[in-house]
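Chain residues, written in single-letter form:
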Amino acid sequence: MELKRVVVTGLGALTPIGNNIQEYWDALKSGKSGCAPITYFDTEKFKTKFACEIKDYDPLQHFDRKEARKLDRFAQYAMVSSDEAIRDAAIDMDAIDKFRVGVIWGAGIGGIETFQNEVINFSEGDGTPRFNPFFIPKMIADIAPGNISIKHGFMGPNYTTVSACASSANAMIDALNYIRLGHCDIIVTGGSEAAITMAGLGGFNAMHALSTRNESPESASRPFDATRDGFILGEGAGALILEDYDHAKARGAKIYAEVIGGGMSSDAYHMTAPHPEGIGVERVMHNCLNDAGIDAGEVDAINTHGTSTPLGDVAELKAISKVFGAHANKININSTKSMTGHLLGAAGAIEAIASILSMQHSLVPPTINHTTVDPNIDPSLNLTLNKAQKRQVNVAMSNTFGFGGHNACVLFRKLDA
């Protein structure tokens, strides 16, 4: 069976550094930090007091008051970003077969704010189980793609992938394969997360996973730097329209890039820590390259998982050196989490978008906040430190990993390359 070619025809983003694709790209290329003190709740008793929140977001600009009350923020973010991507793709809703249009979405946690607030309200009451009737529909992770499909009438595959921080990368790989196999013409994919809550912050603090650089939050996310001390919670969403190449060409769609491969693997090592030698990460990149049918020497740029954790950054770079060998120091390696923080289940989506925009603009965004060389990191690697670098990017890789040892990797190619 001959596999269909799959392309990206629409993009949407709602991030801590920009509320649409243009704002997001402008911030990425200029090295803007999205990190600041938390405004959503009082952080006095928390070890970490900062995060990468969405700025200037008003749900009533996108939903009426009644609809907004029925949607957790993670689902709101999903709908806002997917609406932008659908508009960007210029899909004629009357001309498509909606049974062949799906929504495959990623979310690592889902409606944690809704869960938190309902439990607090119950615990502070008289013990009578008075819960909001929208408690469950607002909380469950699959409600985001459900609402997207309901709004637009898409009746193809519809579900959520949950693999912690790899969730939206897994969603993109599933979308790629559904279209490759001829089951769908178009799939709305990506991911969203809204975990900057008391429960989210407190839980990650208890794991000692977050940075506590409270005196300088704007520089706290510092992947690959010797003084990094943990990741920074981010929130938001990224959406991509994946489409059968022939279908896109027939309707005259704008094409951003071709999705040429996806790989998955498991560390099978620890609930939260990466394998110190990056064995699972090494395997996922090999799997992705094999799926794409390309040589490692063809990759120009890698947007790493790069969370700014002491163990994770080193393990990933070790794996890159093993997979790419002598070619590794010819690749532009970066971590856009230095600007956005870690969007958990939405990370893979917004970082894939960053990779695609790098190809479009022949510019690799920087890894900001790097001041101190880590002796455990190969100095020959080009980590795109502190300043964007111009270069032709024909093939870009995006890595995303999650607690539980979930590894996902996606490859994109410039169509005219």
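Just so you know, these numbers come straight off a predicted model, no measurement behind them.

## Here we look at the nonpolar core
In globular proteins that are soluble, nonpolar side chains generally tend to be buried together. Residues V8, L11, L240, L242, I356 and F412 are the most contacted members of the largest nonpolar core, which totals 47 residues. When residues of this core are traced back to their parent elements, those giving at least two are strand 1 (6–14), helix 1 (21–30), helix 7 (167–180), strand 7 (236–244), strand 8 (257–266), helix 13 (347–361), strand 11 (363–364) and strand 14 (406–413). With eight residues, helix 13 is the single largest residue contributor to this core. Filtering out sequence-adjacent residues up to four positions away, L240 remains in contact with V8, G10, L11, M172, I187, V188, T189, G190, A349, A352, I353 and I356. Among the nonpolar cores identified, the runner-up in size contains 31 residues, and Y57, I86, A144 and A194 belong to it.

## Quick look at the pairing of strand 8
Buried residues dominate strand 8, accounting for eight of its ten residues. Taken together, the three bridges between strand 1 and strand 8 define a ladder with antiparallel strand orientation. Across the sheet, V8 pairs through a bridge with A257, a residue of strand 8. Pairing between strand 8 and strand 14: eight bridges, direction antiparallel. Its bridge partner being in strand 14, E258 is matched across the sheet by R413.

## Considering the sheet that holds strand 4 (residues 101–106)
Through backbone hydrogen bonds, the strands of a sheet pair up, either in parallel or in antiparallel fashion. Taking strand neighbours across the sheet as the criterion, the ten strands line up as 5-4-6-7-1-8-14-13-9-10 in an open arrangement whose pairing is mixed. On the outer flanks of this sheet lie strand 5 (158–161) and strand 10 (332–334), each paired with one strand and no other. The sheet shows a mean angle of 25° between the axes of neighbouring strands, taken without regard to direction. Where strand 4 lies against strand 6 (residues 186–193), six bridges are found, and the strand directions are parallel. Counterpart to G102 in the pairing with strand 6 is I187. Contacts between helix 10 (residues 279–292) and the sheet are confined to strand 8, strand 13 (395–402) and strand 14, with strand 8 contributing the most and set at about 145° to the helix.

## Here we look at a positive patch on the surface
Taken together, the side chains of R65, K66, R69 and K70 present a region of like positive charge at the surface. Mapping K70 onto the fold places it in the loop between helix 2 (65–69) and helix 3 (73–89). Its relative accessible area of 34% is what places K70 among the partly exposed residues.

Rules behind the numbers
- Residues numbered from 1 in each chain as written.
- Predicted model: local features only at pLDDT ≥ 70, side-chain atom pairs only at ≥ 80, totals over all residues.
- Heavy atoms only, no water.
- Core = buried A, V, L, I, M, F, W, Y, C linked by side-chain atoms within 4.5 Å.
- Buried < 20%, exposed > 50% of the residue type's maximum accessible area, 1.4 Å probe, protein only.
- Helix = DSSP H or I, 4+ residues; strand = E, 2+ residues; numbered from the N terminus.
- Contact = heavy atoms within 4.5 Å.
- Pairing = 2+ DSSP bridges.
- Axes fitted to C-alpha atoms, helices over the stretch in contact; angles between N-to-C directions.
- Patch = residues over 30% accessible without salt bridge, like charges linked within 9 Å, V, L, I, M, F, W, Y side chains within 5 Å.
- Areas by Shrake-Rupley, 256 points an atom, 1.4 Å probe, with all protein chains shown as cover.
- Salt bridge = Lys/Arg side-chain N within 4 Å of Asp/Glu carboxyl O.
- Lys, Arg positive; Asp, Glu negative; His and termini not counted.
- Charge placed at Lys NZ, Arg CZ, Asp CG, Glu CD.

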